[in-house]
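The lines below spell out each chain.
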Amino acid sequence: MRVILNPKQDAHVPPGEIENGEVIPCYERPERLTAIRTALEAAGGHTFEEPPVCTEDAVASVHDPAYIVYLRETAAEIRRSRGSTPKVQWPTVFPYGPSPRAGGNRALRGQFCFDTYTPVLGGTFAAALGGASAALHAAELIASGTAKQVYVLTRPPGHHAERDRCGGYCYFNHAALVAERLAKLGRVAVLDLDVHHGNGAQHIFYDRGDVLTVSVHGDPAGLYPFFSGYADETGTGAGVGANLNVPLPPGTGVKEYRPALATALDAVRRFAPAFLVLPFGADAHEADPIGGLKLPTGYFREMGAAVRELGLPTVVTQEGGYNLDALGPCVAEVLRGLEGV
Ligand SMILES: [Zn+2]
């Protein structure tokens, strides 16, 4: 498969993430991509390429321009800073009240972020723009008919990024960027198979009838991102019926995951899209440290093969997956299934 890389991914290396008030080691780190690339090279049959750098205007197709400027300027300020300015900026206060006002950087940190896992560093904007570039290049390859299947190998991931907020390690929403580009040509389905709810695309397209968003994930009552991903979220306005969530209880294994995926795939078929975007995370694997589901490595080829049956031009975006031993093999298997090899 054609693999599009983010050439700037290692510009963003947070020193930790804040969990329940403690700084713990980051689950989301550059070694993840090394593990995936190593597995794909060992599997063979993949070509790797870097994208041209996209414009901020292109990113603004799904993100608030003020949010883009915030990330760019904050990263630049951190790089320029000497002395007291922190090298990592974490939000500590989030917007409240009916008309929150943000008068300075400390407020903006909370305005443009929704958790304590997703700090801004000097290299964050470059890494995020590199990921957006990779996603948009993949979209162009599909739009032009040059490729039928493309895999975007990038980090930080994207599917939790909202129109105007980072969160869940994500800054720019790669799947939404691809979907928005391809929606100019025909109906698009976004099928999110990361173990965490694909909140970003759901919200960005919630009132749209031309982009279907479907997500199969661990029940948000107990799993990140907690505030969305329930089965009764079905869209609004023109988007009513164009969002489907399939939440699964902790410990779900292949036996229960298989029919859930079939339900998701049926919804995609009924929507009759021209294109598919597949935000994929290997964090539904049984050895993932934060996912809570129980899928074995061998199932991921079946997962890919089931998606292949849709017969759609497809962009796969790399999302989560935090067990460094399982991650590479899971990606290799899902791509093998998608390619039918
Ligand atoms: Zn995830």
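Residues numbered from 1 in each chain as written. Predicted model: local features only at pLDDT ≥ 70, side-chain atom pairs only at ≥ 80, totals over all residues. Heavy atoms only, no water.

### Quick notes on the pairing of strand β9 (residues 211–218)
Now for step 1: Among the 8 residues of β9, 8 are classified as buried, and the element is accordingly described as predominantly covered.
Now for step 2: When strand β8 (residues 188–192) meets β9, the two strands line up parallel, connected through 5 bridges. Bridging from a neighbouring strand, Asp 192 pairs with Ser 215 of β9.
Now for step 3: Viewed along the sheet, the connection from β8 through helix α7 (residues 199–204) into β9 turns out right-handed. (Buried < 20%, exposed > 50% of the residue type's maximum accessible area, 1.4 Å probe, protein only. Helix = DSSP H or I, 4+ residues; strand = E, 2+ residues; numbered from the N terminus. Pairing = 2+ DSSP bridges. Right-handed = clockwise from strand over helix to strand, strands pointing away.)

### What to know about the environment of Glu 339
Now for step 1: With respect to the helices, strands and loops of the structure, Glu 339 is situated in helix α10 (residues 324–339).
Now for step 2: Judged by its relative accessible area of 23%, Glu 339 falls in the partly exposed class.
Now for step 3: Linking Glu 339 and Arg 308, residues 31 residues apart in sequence, is a C-alpha distance of 7.1 Å.
Now for step 4: Residue contacts for Glu 339: discarding those within four places in its chain leaves Met 1, His 46, Gln 149 and Arg 308.
Now for step 5: A polar atom in the side chain of Glu 339 sits 2.9 Å from the backbone nitrogen of Met 1. (Contact = heavy atoms within 4.5 Å. Polar contact = N/O pair within 3.5 Å; in protein donor to acceptor, adjacent residues only side chain to side chain.)

### Quick notes on the packing of helix α8 (residues 254–271) against helix α9 (residues 299–308)
Now for step 1: The interhelical angle for the contact between α8 and α9, taken along N-to-C directions, is 15 degrees, at an axis separation of 10 Å. As far as their axial angle goes, α9 and α8 are roughly parallel. The handedness of the crossing between α8 and α9 comes out as right-handed. Contact with α8, carried on its side by Val 254, Tyr 257, Arg 258, Leu 261, Leu 265 and Arg 269, involves Tyr 299, Glu 302, Met 303, Ala 306 and Val 307 of α9 and no other residues of that element.
Now for step 2: Grouping the constituent residues of the contact of α8 with α9 by class yields 8 nonpolar, no polar and 3 charged. (Axes fitted to C-alpha atoms, helices over the stretch in contact; angles between N-to-C directions. Parallel < 35°, antiparallel > 145°, perpendicular 65-115°, else oblique. Left-handed = near helix turned anticlockwise from the far one by under 90°. Nonpolar A, V, L, I, M, F, W, Y, C, P; charged D, E, K, R; others polar.)

### Some remarks on the packing of aromatic side chains
Now for step 1: Throughout the structure, instances matching the rule amount to 11 aromatic pairs.
Now for step 2: Both rings, one in Tyr 67 and one in Phe 172, keep their centres 6.2 Å apart while their planes meet at 85 degrees; by these two values the pair is edge-to-face. With Tyr 67 in helix α3 (residues 65–80) and Phe 172 in the loop between β7 (149–153) and α6 (174–182), this pair connects stretches of sequence that are 105 residues apart.
Now for step 3: Note on Phe 172: relative accessible area 1%, which makes it buried.
Now for step 4: For the pair Tyr 169 and Tyr 322, a centre-to-centre distance of 5.7 Å together with 70 degrees between the ring planes defines the contact as edge-to-face. Here Tyr 169, found in the loop between β7 and α6, pairs with Tyr 322, found in the loop between β12 (314–318) and α10; they are 153 residues apart in sequence, far enough to count as distant. Taken as a pair, Tyr 169 and Tyr 322 share a single burial class, namely buried.
Now for step 5: An aromatic cluster is present here, built from Tyr 27, Tyr 117, Tyr 169, Tyr 224, Phe 226 and Tyr 322 joined pairwise through their rings.
Now for step 6: Arg 37 extends its terminal NZ or CZ atom over the ring of Phe 48, reaching a point 4.3 Å from the ring centre. (Phe/Tyr/Trp six-rings, centres within 6.5 Å; stacked < 30°, edge-to-face > 60°. Lys NZ or Arg CZ within 6 Å of the ring centre and 35° of its normal.)

### Comments concerning α8
Now for step 1: Taking 1.5 Å as the rise per residue, α8 with 18 residues should run 26 Å; its terminal C-alpha atoms sit 25 Å apart, in good agreement.
Now for step 2: Within α8, the full set of buried residues consists of Val 254, Tyr 257, Ala 260, Leu 261, Ala 264, Leu 265, Ala 267, Val 268 and Phe 271. Here the buried residues of α8 occupy an arc of 150 degrees about the axis, which is enough to place them on one side. Relative to its buried face, α8 has exposed residues pointing more than 90 degrees away, namely Lys 255 and Arg 270.
Now for step 3: Tucked into the core, α8 has its buried residues touching β8, β9, β10 (243–248), β11 (275–280) and α9.
Now for step 4: A positive backbone phi angle near 50 degrees is found at Ala 272, which sits one or two residues after α8. (Expected span 1.5 Å × (residues − 1). Arc of directions from axis to C-beta.)

### Considerations on the state of the cysteines
Now for step 1: By the definition in use, this model includes 0 disulfides.
Now for step 2: Between Cys 54, a free cysteine, and Cys 170, which holds the nearest cysteine sulfur, the sulfur-to-sulfur gap is 16 Å.
Now for step 3: We classify Cys 54 as buried; its relative accessible area is 14%.
Now for step 4: Looking at the unpaired Cys 166, the closest cysteine sulfur is the one in Cys 113, lying at 3.6 Å.
Now for step 5: A residue is classified by how much of its surface remains accessible, and Cys 166, at 1% relative accessible area, is buried. (Disulfide = S-S within 2.5 Å.)

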